[in-house]
Amino acid sequence: MSDREPPRRRVPGPARPARPAGRRPGPGARPARRPAPARSAAPKVLRLGSPRPRLRMISLALTLVLIAFVVRLLQVQAVDASEYAAKAGQNRYVGHVLAAERGGITDRNGVALATSVDAYDLTADPTMFDREHLKIDDGPEQAAALLAPILGVDQEALLKKLRPANKALRYVLLARRQTPQVWTQIKELRSALAQKANSDSSTVNVLAGVFADPSSKRVYPNGDLAAGILGWVNDEGKGGGGIEQQLNGRLSGKDGKIRYAQSGGRLVPTAGSTETPAVPGNDVELTIDRDIQWAAQNAISEQVAKSKADRGYVIVQDTRTGQILAMADSPGFDPNDLSKADPAALGNAALQDAYEPGSTAKVMSMAAVLEQNVATPQTHVVVPNRLHRGDRLFKDDIDHPTWNLTLNGVLAKSSNIGTILATGQLGKTQPEANKVLYSYLRKFGLGDYTGLGFPGETKGILAPPDTWSTSQQYTIPFGQGVSINALQAASVYSTIANGGVRVAPTLVRGEKGPDGRFTPAAEPEKTRVVSEKTARTVARMLESVVDDEQGTGTKARIPGYRVAGKTGTANRVDPATGKYRGYTSSFAGFAPADKPRITVYCAIQNATEGGYFGGQICGPIYKEVMEFALKTLQVPPTGAKAASLPVTFTP
């Protein structure tokens, strides 16, 4: 058995699963598949995808964004740079005008007649009243309701400014030249609203956009005194009349400018600002004496009221220099409050009214007759009750028998007929006489401006002699048919008082600049009109008007002084109808008559109560104002006896 293989040992196989109980495989059933032997699970490996695609996408997106930024930056920095800079500046920077301080106006002694005080121009930023800032829709309405009663302006007008059509507007002017008290009231109200808004979120400070720019306000400390001379300053800060208008350029100075960055209506100190300082205006010194001006204005105002006249004027002039010491009108106005002024009273009637002077013009006729050597003060003139010339029958102011007057008496008694007869001797024919008289009237300053350059001044009416009507050639010698202003009339008497030399009237003595230096006004023009001899003779004849009992100006006498003067009562042309109605009453003269220093002229238009003769209602005014002026300027009497020239003669 050794050559046989040893018997194989049976190795037990895997255990078979237990068959379910009661189930047996039937005939022909497929034997169950044996399960595969269990394998041990192999570990899974995590493999990452490539990042390059994602990085490319991110890089591309960033590149596009950067390109967009660069393109926009180039547009802002290069293409539209100026436009955006302008918009930025408009929104960020605010520019204002720095108003120059207006120069003051004083009288000859340095007394203030017009000055400027601190004030504020109230402004607003309309964008600070919209819904974006205030979070309410009716911000402008609330602000206007609060401001209107304080500023004294219409609420609707304020609302239009706070809600302008231009939504981008950053600056509007609410009110000019408000007092510090007004601005203080607004500031306190604004602060109260701000405090309430901080504690109560439902409250809004609707005045946060209201601001103030320093300015100045014109004040006239003497009220209506010399208002016709001074004029006024309008809402725009410019002179609206008188010296304020005439010298506006020198009084107003030069405005400055300021430009600053702002945020929320507040100055940004770190942003820097540019400022051009304002240059103050010059101070102007007038020739007016405040005290004499007061006396003249008081006297004429009382007489105009007493006579129930339309108006009146008084001129006081230094006969040697031509300087105007007073120029008073009545009725006047208060330049501090034009809302209460009568429009007809604005301006300076003494320079703007043209009227027929009447008998005060006879002094020029007498001067021409004497200068031409066709008569002397003692020349006999037979004056009938009526005189037929041309197409008219002339008479004097009173009926009288035939008067036997000297040429001096013609002036003393103010005879129209005597004046016609005397001036008729100026030429061999009436046309020749007219030309001679006309030449003297022109020399005395009629038919031309006085030289003041005052706004609205009239030069009067003096027609050429070849156009004089039949009646004019006889009425002009006694002051009808020719028109003048009050200063022209005063200048005629100052010319006689100054020895026959006309000195152009002046109203300004000089100016003081911001540096404090005083620059005197230019010397006035001087013109020889008649000889010194003629002027002295006429002055003596004018004394007879006041000193002689037969004269018409006895009410103008001043104790201790020699007074020369002339009355005037002229038919008056009504400006409304162009027809004669009422009278122009006047008186003109100078003192001391033998050493003249002061000229006073008074005129009253259309006196309707009491008398209307010039010597009656203007003579007392002349006396009152002249006495005051002589005392104020400390002019002593000369002590010499009055001239005594005959008024009548015995045939």
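Residues numbered from 1 in each chain as written. Predicted model: local features only at pLDDT ≥ 70, side-chain atom pairs only at ≥ 80, totals over all residues. Heavy atoms only, no water.

As recorded in an unreviewed UniProt entry, the protein goes by the name Penicillin-binding protein 2, listed as coming from Streptomyces doudnae. Quoted verbatim from the Sequence similarities (unreviewed entry) heading of the UniProt record, the comment on the protein is "Belongs to the transpeptidase family." We quote the UniProt Subcellular location (unreviewed entry) comment for the protein here in full: "Membrane". (UniProt positions renumbered as here; feature names shortened; annotations may be inferred.)

A few points about the overall build of the protein
Scanning the protein from N- to C-terminus turns up 20 helices and 24 strands. Here the protein, with 651 residues, has 46% of them falling under the buried criterion. A sequence separation of at least 24 residues applies to 73% of the contacts in the protein between residues at least 6 apart. (Helix = DSSP H or I, 4+ residues; strand = E, 2+ residues; numbered from the N terminus. Buried < 20%, exposed > 50% of the residue type's maximum accessible area, 1.4 Å probe, protein only. Contact = heavy atoms within 4.5 Å.)

Structural notes on a nonpolar patch on the surface
A cluster of nonpolar residues, Leu-60, Leu-64, Ile-67 and Val-71, forms a patch on the protein surface that exposes about 390 Å² of accessible area. In this fold, Leu-64 is placed in helix H1 (residues 52-79). Residue classification places Leu-64 among the exposed positions, given a relative accessible area of 53%. (Patch = residues over 30% accessible without salt bridge, like charges linked within 9 Å, V, L, I, M, F, W, Y side chains within 5 Å. Areas by Shrake-Rupley, 256 points an atom, 1.4 Å probe, with all protein chains shown as cover. Salt bridge = Lys/Arg side-chain N within 4 Å of Asp/Glu carboxyl O.)

Describing the packing of aromatic side chains
With the rule as written, the count across this model stands at 10 aromatic pairs. Aromatic side chains Tyr-120 and Trp-183 sit 6.4 Å apart centroid to centroid with 40° between the ring planes, which places their arrangement in the tilted category. Within this pair, whereas Tyr-120 is found in strand S3 (residues 112-124), its partner Trp-183 is found in helix H6 (residues 180-199), the two being separated by 63 residues in sequence. Owing to a relative accessible area of 25%, Tyr-120 belongs among the partly exposed residues under this scheme. Counting every residue linked through ring pairs, the aromatic cluster contains Phe-394, Tyr-474 and Phe-478. (Phe/Tyr/Trp six-rings, centres within 6.5 Å; stacked < 30°, edge-to-face > 60°.)

Quick look at helix H17 (residues 486-497)
The first and last C-alpha atoms of H17 sit 17 Å apart over 12 residues, in line with the 16 Å expected at 1.5 Å per residue. Of all 12 residues that make up H17, 12 are buried, and the element is covered over most of its length. Looking at H17, one finds that the buried residues are Ala-486, Leu-487, Gln-488, Ala-489, Ala-490, Ser-491, Val-492, Tyr-493, Ser-494, Thr-495, Ile-496 and Ala-497. A distance of 3.1 Å separates the backbone nitrogen of Leu-487 from a side-chain oxygen at the start of H17, and that oxygen is part of Asn-485. Just beyond H17, the residue with positive phi is Gly-499, at close to 75°. (Expected span 1.5 Å × (residues − 1). Polar contact = N/O pair within 3.5 Å; in protein donor to acceptor, adjacent residues only side chain to side chain.)

Notes on the sheet that holds strand S13 (residues 324-330)
In space, the five strands of this open sheet follow the order S13-S12-S24-S23-S22, with antiparallel pairing throughout. Each of the sheet's edge strands pairs with one partner strand only, and the pair in question is S13 and strand S22 (564-573). Each strand of the sheet is rotated relative to its neighbour by a mean of 10°, with strand direction disregarded. Summarising the sheet, S22 and strand S23 (residues 580-591) pair through nine bridges and their orientation is antiparallel. The residue bridging Gly-568 from the neighbouring strand is Ser-586, located in S23. Contacting strand S12 (311-318), S22, S23 and strand S24 (598-605), helix H20 (residues 619-632) runs over the sheet at an angle of about 30° to S23. (Pairing = 2+ DSSP bridges. Axes fitted to C-alpha atoms, helices over the stretch in contact; angles between N-to-C directions.)

So, the environment of Tyr-171
Examined against the element boundaries, Tyr-171 turns out to sit in the loop between helix H5 (155-162) and strand S4 (172-178). Through-space distance from the C-alpha of Tyr-171 to that of Phe-211 is 9.9 Å; in sequence the pair is 40 residues apart. A polar atom in the side chain of Tyr-171 sits 3.5 Å from the side chain of Asp-213.

Quick word on the side chain of Gln-605
Here Gln-605 lies in strand S24. Polar side-chain contacts of Gln-605 include one of 2.7 Å to the side chain of Thr-584. Contact partners of Gln-605, with chain neighbours within four places excluded, come to Ala-309, Asp-310, Arg-311, Tyr-313, Tyr-355, Arg-572, Tyr-583 and Thr-584.

Details of the pattern of salt bridges
Enumeration according to the criterion identifies 20 salt bridges in this entry. Two residues, Arg-102 and Glu-244, come together in a salt bridge whose shortest N-O distance is 3.0 Å. Taken together, the positions of Arg-102 in the loop between strand S1 (93-98) and strand S2 (105-106) and Glu-244 in helix H8 (residues 242-246) put the pair 142 residues apart, joining distant regions of the chain. By relative accessible area, which is 0% here, Glu-244 ends up buried. Ionic pairing is found between Arg-517 and Asp-515, a salt bridge with its closest N-O pair at 3.9 Å. With a relative accessible area of 62%, Arg-517 lands in the exposed category.

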